[in-house]
Amino acid sequence: QGTDTKKKCILTAETECDVTDVLRNVKETYTAHILSVPSSGTDNFEEPPFAVSEKFTPYSQTVLGKPEIQNYTQKGSKLNVVFQDPLTPYTFPNGSFQSIRDIFQDDLEYKLYYWKDQSSGKKGATTKSHEFEVSVDSTKNYCFYIQGVIPSRRENRNGQESMVLCTSVGRTILD
């Protein structure tokens, strides 16, 4: 265990500190040591309060963000959904942000949950790409959302859910 200590958020009044830039190796385990010191001008010679965070391993504990649905169509009996990976705070050397797929690669998959509008029976489909194509009843509207999943994890397997969208095939103003 090396003691590669980085200092961050020095003499701040904030109660949060973004340490993403010092957690470069996402598979490493980190702890934060927090030292609070009284503001200057106080004659307090006691030992300043000190706390240590729980251990944190970004690769296994980060909660996946929401995928963004870019486009969807329901043509005949096929529902097609195209989406984008959530971005992470990590950047490539050119400054652009890495997506969760850049970091998790083959460990990452996506689930599409879909159901007939006004029904409660959900169906699911899985992909490792950016697209879903599922068979549906061509006369019914469907609602759906997408969620990133890391099946190899024991906890935090499921990411945040995208917004729910619904198709509108053959809807009339009277519906």
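As the structure is a computational prediction, the values presented were derived from the model and not from experiment. (Residues numbered from 1 in each chain as written. Predicted model: local features only at pLDDT ≥ 70, side-chain atom pairs only at ≥ 80, totals over all residues. Heavy atoms only, no water.)

Chemist: So what exactly am I meant to see when it comes to the overall build of the protein chain here?
Modeler: The secondary structure content of the protein chain amounts to two helices and twelve strands. When the helices and strands of the protein chain are listed from N to C terminus, the series reads β-β-α-β-β-β-β-α-β-β-β-β-β-β. A compact globule built from 175 residues should have a C-alpha radius of gyration of about 16 Å, whereas the protein chain, at 23 Å, is more than 25% larger. Across its three principal directions, the C-alpha atoms of the protein chain cover 75 × 35 × 35 Å. The buried share of the protein chain, taken over its 175 residues, is 30%. (Helix = DSSP H or I, 4+ residues; strand = E, 2+ residues; numbered from the N terminus. Rg over C-alpha atoms; globule rule 2.2 N^0.38 Å. Buried < 20%, exposed > 50% of the residue type's maximum accessible area, 1.4 Å probe, protein only.)

Chemist: Mind showing me how you'd approach the layout of surface pockets here?
Modeler: Any empty space left between atoms is shown by rolling a water-sized probe over those atoms. Looking at the largest pocket, its volume works out to about 1700 Å³. Lining of the largest pocket is provided by 37 residues; of these, Lys6, Thr31, Ala32, His33 and Ile34 occupy positions nearest its centre. If you tally residues by element for the lining of the largest pocket, the top one is strand β1 (residues 33-35), at three residues. Per-class residue counts for the lining of the largest pocket are 15 nonpolar, twelve polar and ten charged. Estimated volume of the second largest pocket: approximately 300 Å³. (1 Å grid on protein atoms, 1.4 Å probe; cavity = no way out; pocket = protein on both sides within 12 Å on 5 of 7 lines; lining within 4 Å. Points joined across faces, edges and corners; volume = space filled by probe spheres on them. Nonpolar A, V, L, I, M, F, W, Y, C, P; charged D, E, K, R; others polar.)

Chemist: What is the right way to look at the sheet that holds strand β4 (residues 78-84) in this model?
Modeler: Note: strands within a sheet are paired through backbone hydrogen bonds, in either parallel or antiparallel orientation. Taken in spatial order, the three strands line up as β3-β4-β9 in an open sheet, and their pairing is antiparallel. Unpaired on one side and paired on the other, β3 (68-75) and β9 (131-135) mark the two borders of the sheet. Taken pair by pair, the neighbouring strands of this sheet meet at an average axis angle of 15°, ignoring direction. Relative to β4, β3 runs antiparallel, the two sharing seven bridges. Along β4, the bridge assignment pairs Ile69 with Phe83. (Pairing = 2+ DSSP bridges. Axes fitted to C-alpha atoms, helices over the stretch in contact; angles between N-to-C directions.)

Chemist: So what exactly am I meant to see when it comes to a nonpolar patch on the surface here?
Modeler: Where nonpolar side chains cluster on the molecular surface, the patch consists of Ile10, Leu11, Leu35, Val37, Phe50 and Val52 and spans about 660 Å² of accessible area. When you line up the elements, Val37 lands in the loop between β1 and β2 (50-52). Its relative accessible area of 46% is what places Val37 among the partly exposed residues. (Patch = residues over 30% accessible without salt bridge, like charges linked within 9 Å, V, L, I, M, F, W, Y side chains within 5 Å. Areas by Shrake-Rupley, 256 points an atom, 1.4 Å probe, with all protein chains shown as cover. Salt bridge = Lys/Arg side-chain N within 4 Å of Asp/Glu carboxyl O.)

Chemist: Looking at this model, I keep getting lost on the state of the cysteines. Mind explaining?
Modeler: Here, the word disulfide means a covalent bond between the sulfur atoms of two cysteines. Overall, the coordinates contain two disulfides when judged by the stated rule. The side chain of Cys143 participates in a disulfide bridge whose partner is Cys166; the two sulfur atoms lie 2.0 Å from each other. Looking down the S-S bond of the Cys143 and Cys166 bridge, the torsion is 105°, so its handedness is right-handed. Residue Cys143 is found in strand β10 (residues 142-149), and its partner Cys166 is found in strand β12 (residues 165-166); the two are separated by 23 residues along the sequence. You can call Cys143 buried: its relative accessible area is 4%. In the protein chain, numbering the disulfide-bonded cysteines from first to last in sequence yields the connectivity 1-2, 3-4. (Disulfide = S-S within 2.5 Å.)

Chemist: Whenever I open this one, unusual backbone geometry confuses me. Can you help?
Modeler: Backbone geometry places Leu11, a non-glycine residue, at a positive phi of 45°. Within the fold, Leu11 resides in the segment before β1. On the accessibility criterion, Leu11 (79% relative accessible area) is exposed. One non-glycine residue with positive phi stands out, namely Asn156, at about 55°. Judged by its relative accessible area of 34%, Asn156 is partly exposed.

Purely geometric numbers; function is a separate question.
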